[in-house]
Amino acid sequence: MGEQQTQTTTTQQHTGQSLLFAVNGLRFDLSGIDPSTTLLEFLRSQTSFKSVKLGCGEGGCGACVVLLSKYDPVLDKVEDFTVSSCLTLLCSVNGCSITTAEGVGNSKDGFHPIQERFSGFHASQCGYCTPGMCVSLYSALVNADKTNRPEPRPGFSKLTVSEAEKSIAGNLCRCTGYRPIADACKTFAADVDMEDLGFNSFWKKGESDEVKLSRLPSYNRRNATALFPEFLKKEPKLGINLASEGCHWHSPDSLEQLQSLLLMDEENDRTSMKIVVGNTGMGYYKELVHYKKCLDLRFIPELSIIRKDQTGIEIGASVTISKTIEALKEEYEDAFSQEGKMVFQKLADHMERIASGFVRNSASVGGNLIMAQRKHFPSDIATILLSVDTMVDILTNLGLENITLEEFLGRPPLDSKSVLLGIKIPCWSSGRDVSSKTYTKLLYETYRAAPRPIGNALPYLNAAFLAEISLCKNSAGVMLNNCRLAFGAYGTKHSIRARKVEDFVSAKSLNVGILYEATKLLESTVIPEDGTSSPAYRTSLAVGFLFEFLSPLINNPTDISSFPCDGYNGASPSYKIKQNFDQFDQTKFSTFLSSAKQVIRLSEEYHPVGEPTIKAGATLQASGEAVYVDDIPSPRNCLHGAFIYSTEPLARVKGINIKPVSSLDGVTTLISYKDIPGDNVGAQTVFGTEPLFADELTQCAGQPIALVVADTQKNADRAADLAVIDYDKKNLEPVLSVEEACERCSFFEVPPFLYPEQVGDFSKGMAEADRQILSAEFKLGSQYYFYMETQTALAVPDEDNCLVVYSSSQCPEFAHDTIARCLGVPAHNVRVITRRVGGGFGGKAIKAMPVSTACALAAYKLQRPVRMYVNRKTDMIMAGGRHPMKITYSVGFKTNGKITALKLDILIDAGMSADISPIMPHNMLGCLKKYDWGDLAFDIKVCKTNRPSRSAMRAPGEVQASFIAEAVIENVASTLALEVDSVRSINLHKYESLELFFKTSAGEPLEYTLPSIWDKLAISSGFYQRTEILKEFNRCNKWMKRGISRVPIVHEVMLRATPGKVSILRDGSIVVEVGGIELGQGLWTKVKQMTAYALSLIQCGETIELLEKVRVIQADTLSLIQGGFTAGSTTSESSCEAVRLCCNILVERLAALKESLVKQMGPIKWETLILQAYQNSVNLSANSLYVPDFSSMKYLNYGAAVSEVEVNLLTGQTTILQVDIIYDCGQSLNPAVDLGQIEGAFVQGIGFFMLEEYPTNSNGLVVAEGTWTYKIPTVDTIPKRFNVEILNSGHHKKRILSSKASGEPPLTLAVAVHCAVRAAIKEARQQLHSWGGIDESNSTFQLEVPATMPVVKELCGFDSIQRFLQWTIGSSK
């Protein structure tokens, strides 16, 4: 930890106590604190610890996670747990010790094995999420090693594999695809099978477990955790009371104190008082009000109580959800009944699927229920507690009240003087009569359907059912004595009991008829309110969960639930029932990833190029010491900016007001288009410009209108949020759809040289067809980048009218030109610097320019530094994202499935400005032509609409084209009733057709590896055998269906001109500059390897030593010009070639000197050669601009994927069981980097095809504003088995060291998952048809993108259960 220091900060005149805590062992003693200050704000602005990142500000991403440690002097124990520092208020950490990633390990004191293993398992790409991941795992390690579990093997912790994976379940990563992260975590688990761990830099395949363990960075659990600072033990502090300039933080320690404070506040209007425990509600209900008074309830004994007796468990309102889970799981010495234990355990299990661990650790049960009661929060806790007759205690102005939770939820919102004190969960047991002829059993189950299986996502619906059943000893019938059926979160004000259904089923012997009537009754009970998304889906979930609960209890010869339910012979009822429940439950997987296999062939021909070298800077990223733009310390007098954006698509702006005036605290000025000295330009490409600010007329909802400049980012954001814009929309008609754009001929021009050529004669191809599909159509939506680091920039005025701008940008050169043009200054007055980017995916190219330009404009005008870190909501609204489009196609084909002709009409929504949209037709055709369509015709229009301009997003146009191709193939197969895989196979290119479609890009015949990949994958994945097994599975399972799909890709990429510069310093160390930007794709790593290889040709010293001497430095637009774009998957290889050209020059310059020195001295060291070169005035700096040869600048990438999925027909939930990929990387420059790109791209593709909805309102304003509503893949949604083979396809002499791209093509393979889901749905629909649910004319169907749970469930039949029950009743007559 380093030496302990003390820091005392007094920001203002203060009264009362001070706040004492530690950060990484450093003492902080503060007073005069604004109660609304979060721990994240303090750490990032007042300390040197920048590993805590602001990713969302909602507790939804894990980038800001820290370890919070509290000392209990009574028990002499330290409690360690993670929290979201973006939600944790600084005043609440009094007496606590905080550990950030720097405190876990760092470059000065030594890295922790967690950080070293993350690095060695290639588990960090852009690195922005990595510190939070490391802290999450560190907390799990600390807590596991405190348990009384058996001592683990040396080198391991007491952690289990399941715990290791779950430790990072709440942390988001957009780069890696999670597999390597999970593997790095699992290396610490005592029960890990080392064979299951994936590719890493520590050991080679086939080595023994002992060797593997010896090569891992050693972990000694006794000295691997931080000690609690002694100075905090000596001064144990509980709640504090602080006051400063009208701001107060109160920590009452009794109910009397609390009541008097509430009373006092009521007299003052209660306008600025906030009651807090964990403050996690702020993540959901964003606060625009600045609270000047906070009441911390954590130190009132009555609210912190956990009391158990035989009647149940009492839990105080301020007890955290995590503590509640512990209490429910703990054994009670006076032993609860078995049924009581079972209920408590299931309540705990359900709570573990709420939010994420670092939120549950600070969120209180009472706070959750209060949000449900006052603000109609879609609470899981309210629903599950409602089902078990929970009682609540509330303190009102009338005194103490003890009422049922149902009554509490149904009351009007609790007033400001009332406080929830606690809850009492009764201990349940069934009434048993030994002499009776019945066997009585208590059943309890909870349910939730959410986009993520284990939490960190709000449910579409939750439910909990408690029932007492009796089984007659003389018959197989089950009597439902009574039950409690609770439902919530489905678009209702609060959780409800389905009383009518309860009354109907109670005291009845269960049969199919009763169950059918109950489902019909439930349909009329669970009705979402108007405006709720997917209302029919939510109602169907309620029916599905009730069916899942009751159907195993019905003894019916037609086998109602497809489970072995023919009576209870040979097993107890409880066992049989549990077995049946487990059949349904998809959350019962012990681990997320059962295994993964990576097949990689290494090449030493160009050593160290081709080696799986660890990513440059990976350990610095893991420790949080890697510096991103927002980590650069603010210069003196720095101001902060925030955009005010339009909420109307087309309107005149008459004025802007910020209300109330009090929210102008700290605001310096408002900057608009009127303040621009040069051109009103915020972004530019070769196709045109986009204005920085709307002038008199806004062009879309989300367009920047002005920039608020204030003293802090919080004040700037608050003022921007409170801005009221006066619009005039008279006589203005916006274009909001591609159809409207067509009607009004609103298009962007596509330059003729970019518009692809048609292939063959479409009408001739159609004439040859046996069958035709005419004018089929579908639409594709957008996708948000969700880079972990949002848009950010810092502009600093310099001498002589100059500016230095630090930008998180994929194209600093274009940002540079834009800034100079906007300010009206020569380009040499501007310098743009980019070191690294926290995730880009295309979104940090054009879309980063307005942010750096706005900061530059404000800094230029005010002559003060100005920075901006765009909040997640604004970023999502302004980002534009992937291009939506409408596709209409006609296709002709033979009866064997061979397609003879395809015509496509595509309307692309480009938004308000051209951006890169005119390149889209070219990109799309490069991927669409992966099949031999016979004759191919198309008409692609780029539509100009009043929506935010769309920009490049990883595989722009190509991912949509991949889907379009598969949609056509699927439709043809469905029409002909053929196996879709056979239709794919018959339409794969032969080399002759490939050459016809792609011309020179096709390369030599030997380079066309797709046919061999296609066949090889069928064997390595067991595709045909699994297809047969899957058919049997589907035959035997009614409510789970599986699908499998094999999909190819042919993906055209293009090399671009790229600069490089290599300089050798006097001591022999090497500095490299390249045009390409490090985004996490390993560009710096490959460049380092190429530099070491190319300089090693001088044959002087070891190559590996040279590799360690190379440093790649930040991009600087005045140091290295013509940097261009880092995009299109080829910048790494282009940068490598630019560097190789530089090195060739240097080797040539050094060769003669080396030869003469060797003659004089014999073999010489590298350092000696360089020192002599300096003394002989040899120029040891070389520049180059790599310009690709026109004939080979385009080339094709090949790959294929097999995906197998399982769909739950009751919920629509999809589980990706296995993915097998073979991808041709040519001769990989770095297989570890390319593997990471393949997996990460594929998982991002899963997001597009399965999860990510990016909806807007009727004005085109984005309404998915953060982690609550936008769901990227998490560790629990990726493939359970994820197998990747990198094909080393030999020598492609026209490629750079025979290598090929890996950044974008694998993303398009994710369509295989979507196709597999479609196959599973097809099975479900055939089954539904057999029950009379759909007719044959509905056999062809379109599966939307993304195939979310509601979409999948609708195609499987919202009424499938009712249809099945009706069919069952009919069959038994």
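We now examine the overall build of the chain. Within the chain one finds 41 helices and 48 strands. In summary, the chain has a C-alpha radius of gyration of 32 Å against a globular reference of 34 Å for 1373 residues, a match within 12%. Expressed along its principal axes, the backbone C-alpha trace of the chain runs to roughly 105 × 85 × 75 Å. Looking at the chain as a whole, 64% of its 1373 residues qualify as buried. For the chain, restricting intrachain contacts to residue pairs at least 6 apart in sequence, the fraction spanning at least 24 positions comes to 77%. When the accessible surface of the chain is totalled, it reaches about 48900 Å², and 51% of it is carbon and sulfur. Of the side chains in the chain, 137 bear a positive and 152 a negative charge, and the two mean positions are spaced by 1 Å.

Looking now at the packing of aromatic side chains. Across all of its chains, the model carries 47 aromatic pairs by this definition. Between the aromatic rings of tyrosine 460 and tyrosine 537, the centroid separation amounts to 5.1 Å while the plane-to-plane angle is 85°, which identifies the pairing as edge-to-face. With tyrosine 460 in the loop between β17 (438-449) and β18 (461-472) and tyrosine 537 in helix α18 (residues 535-550), this pair connects stretches of sequence that are 77 residues apart. When sorted by exposure, tyrosine 460 lands in the same class as tyrosine 537, which is buried. Feature note: the residues Tyr784, Tyr785, Phe786, Tyr787, Tyr1254 and Tyr1270 constitute an aromatic cluster, connected by ring pairs. Across the ring face of tyrosine 787, the terminal group of lysine 844 is positioned such that the distance to the ring centre comes to 4.6 Å. The ring of phenylalanine 1341 has arginine 1318 lying over it, and the distance from NZ or CZ to the ring centre is 4.4 Å.

On to the pairing of strand β33 (residues 792-798), then. A regular strand places its side chains on the two faces of the sheet in alternate fashion. Strand direction decides the pairing type here: β33 and strand β36 (residues 866-869), joined by four bridges, are antiparallel. Looking at β36, one finds that threonine 792 is bridged to tyrosine 869. One ladder, built from six bridges, connects β33 with strand β34 (residues 802-807); its direction is antiparallel. Each bridged residue has a counterpart across the sheet, and for valine 796 the counterpart in β34 is valine 804. Following β33, the chain reverses through three residues before pairing antiparallel with β34; aspartate 800 in that reversal takes a positive phi of roughly 55°.

This next bit is on the pairing of strand β16 (residues 419-426). Burial within β16 is extensive, with seven of its eight residues counted as buried. Bridge count between strand β13 (residues 312-316) and β16: five bridges; the pairing is antiparallel. Following the sheet pairing, glutamate 314 is matched in β16 by lysine 424.

On to helix α1 (residues 39-46). Every buried residue of α1 is accounted for by Leu39, Leu40, Phe42, Leu43 and Arg44. Looking at the packing, one finds that the buried side of α1 touches β3 (19-23), β4 (26-31), β5 (65-72) and β7 (97-99).

What follows is about the environment of glycine 477. Note on placement: glycine 477 falls in the loop between β18 and β19 (478-488). Sequence spacing of glycine 477 and isoleucine 554 is 77 residues, and the spatial spacing of their C-alpha atoms is 7.2 Å.

So, about the confidence of the model for the chain. Scored by pLDDT, the chain comes out at a mean of 92, with 94% of its residues at no less than 70. Considering only residues more than four positions removed or in separate chains, one finds that residues 8-16, a stretch of pLDDT under 50, has 16 contacts. Across residues 556-589 the pLDDT falls below 50, and counting only partners more than four positions away or on other chains, this stretch makes 73 contacts in the model.

Here we come to the environment of serine 506. Topologically, serine 506 is positioned in the loop between α16 (499-505) and β21 (508-509). For serine 506, a relative accessible area of 19% gives the class buried. Distance in space between the C-alpha atoms of serine 506 and asparagine 482 is 4.7 Å, their sequence separation being 24 residues. The contact partners of serine 506, leaving out residues within four places of it in the chain, are Leu480, Asn481, Asn482 and Cys483. A polar side-chain atom of serine 506 sits 2.7 Å from the main-chain carbonyl oxygen of glutamate 502.

Opposite charge on two side chains lets them pair, provided their charged atoms get close. Summed over the entire model, instances satisfying the criterion amount to 66 salt bridges. Close ionic contact of glutamate 445 with lysine 346 constitutes a salt bridge, the shortest N to O distance being 2.3 Å. Residue glutamate 445 is found in strand β17, and its partner lysine 346 is found in helix α11 (residues 338-351); the two are separated by 99 residues along the sequence. Residue classification places glutamate 445 among the buried positions, given a relative accessible area of 10%. You can call lysine 346 partly exposed: its relative accessible area is 23%. The residue lysine 898 makes a salt bridge to aspartate 932 at a minimum N-O spacing of 3.8 Å. Taken together, the positions of lysine 898 in the loop between β37 (885-893) and β38 (899-911) and aspartate 932 in the loop between α27 (920-928) and β39 (935-944) put the pair 34 residues apart, joining distant regions of the chain. Relative accessible area serves as the criterion here: at 15%, aspartate 932 is assigned to the buried category.

Running from N to C, helix α10 (residues 321-329) and α11 cross one another at 155°; their axes reach a closest spacing of 8 Å. In terms of their interaxial angle, α10 and α11 are classed as roughly antiparallel. Viewed along their axes, α10 and α11 form a crossing whose handedness is left-handed. Contact residues: α10 offers Ile321, Thr324, Ile325, Leu328 and Lys329, while α11 offers Phe344, Gln345, Leu347, Ala348, Asp349 and Met351. Broken down by class, the residue content of the contact of α10 with α11 amounts to seven nonpolar, two polar and two charged.

We now examine the nonpolar core. The biggest cluster of nonpolar side chains holds 285 residues, and the ones touching the most others in it are Phe408 and Phe487. If near-sequence neighbours (up to four positions away) are discounted, phenylalanine 487 is found in contact with Thr383, Leu461, Asn462, Ala463, Phe465, Ser495, Ile496, Ala498, Leu522, Val526 and Ala542. By size, the runner-up hydrophobic cluster in this structure holds 47 residues, among which are Tyr606, Leu1106, Val1139 and Cys1143.

What follows covers the packing of helix α39 (residues 1311-1330) against helix α40 (residues 1349-1356). The interhelical angle for the contact between α39 and α40, taken along N-to-C directions, is 35°, at an axis separation of 8 Å. Of the residues in α40, those touching α39 at Val1317, Ile1321, Ala1324, Arg1325 and Leu1328 are Val1352, Leu1355 and Cys1356. Of the residues contributing to the contact of α39 with α40, the split by class is seven nonpolar, no polar and one charged.

Another aspect to go through is helix α35 (residues 1131-1161). The α-helix advances 3.6 residues per turn, and as a result positions three or four apart in sequence lie on the same side. Here α35 contains 31 residues, and its C-alpha end-to-end distance of 42 Å stays within 8% of the 45 Å for a straight helix at 1.5 Å per residue. Of all the bends in α35, the greatest measures close to 35° and is centred on alanine 1151. Residue glycine 1162 follows α35 closely and has a positive phi angle near 80°.

Right, let's talk about the sheet that holds strand β30 (residues 723-728) for a bit. Overall, antiparallel pairing links the three strands, which are arranged β28-β24-β30 in an open sheet. What marks the edges here is a single partner per strand, and that holds for β28 (697-698) and β30. Here strand β24 (residues 651-658) runs beside β30; their pairing, made up of six bridges, is antiparallel. Looking at the pairing, asparagine 657 lines up with valine 724 of β30.

Cis geometry marks the peptide bond from histidine 607 to proline 608; its omega dihedral reads 5°. By the element assignment, proline 608 lies in the loop between β22 (595-600) and α20 (618-623). Cis geometry marks the peptide bond from valine 1345 to proline 1346; its omega dihedral reads 0°. In this model, asparagine 279 sits at a positive phi of 65°, which is unusual for a non-glycine residue. Structurally, the position occupied by asparagine 279 is in the loop between β10 (273-276) and β11 (293-296). Positive phi, close to 60°, is recorded for phenylalanine 841, a residue that is not glycine. Here phenylalanine 841 is to be found in the loop between β35 (830-834) and α25 (849-862).

A word on the sheet that holds strand β42 (residues 1070-1074). Pairing in this open sheet of four strands is mixed, and the strands run β43-β42-β41-β45 from one edge to the other. The strands lining the two open edges of the sheet, one partner per strand, are β43 (1110-1112) and β45 (1181-1186). Direction aside, the axes of adjacent strands within the sheet are offset by 20° on average. Where strand β41 (residues 1058-1064) and β45 come together, six bridges link them in antiparallel fashion. Residue pairing for β45: threonine 1058 is matched across the bridge by tyrosine 1186. Contacts between α35 and the sheet are confined to β41, β42 and β45, with β45 contributing the most and set at about 140° to the helix.

Rules used throughout
Residues numbered from 1 in each chain as written. Predicted model: local features only at pLDDT ≥ 70, side-chain atom pairs only at ≥ 80, totals over all residues. Heavy atoms only, no water. Helix = DSSP H or I, 4+ residues; strand = E, 2+ residues; numbered from the N terminus. Rg over C-alpha atoms; globule rule 2.2 N^0.38 Å. Buried < 20%, exposed > 50% of the residue type's maximum accessible area, 1.4 Å probe, protein only. Contact = heavy atoms within 4.5 Å. Areas by Shrake-Rupley, 256 points an atom, 1.4 Å probe, with all protein chains shown as cover. Lys, Arg positive; Asp, Glu negative; His and termini not counted. Charge placed at Lys NZ, Arg CZ, Asp CG, Glu CD. Phe/Tyr/Trp six-rings, centres within 6.5 Å; stacked < 30°, edge-to-face > 60°. Lys NZ or Arg CZ within 6 Å of the ring centre and 35° of its normal. Pairing = 2+ DSSP bridges. pLDDT = per-residue confidence, 0-100. Polar contact = N/O pair within 3.5 Å; in protein donor to acceptor, adjacent residues only side chain to side chain. Salt bridge = Lys/Arg side-chain N within 4 Å of Asp/Glu carboxyl O. Axes fitted to C-alpha atoms, helices over the stretch in contact; angles between N-to-C directions. Parallel < 35°, antiparallel > 145°, perpendicular 65-115°, else oblique. Left-handed = near helix turned anticlockwise from the far one by under 90°. Nonpolar A, V, L, I, M, F, W, Y, C, P; charged D, E, K, R; others polar. Core = buried A, V, L, I, M, F, W, Y, C linked by side-chain atoms within 4.5 Å. Expected span 1.5 Å × (residues − 1). Bend = angle between axes of the 7 residues up to and from the residue.

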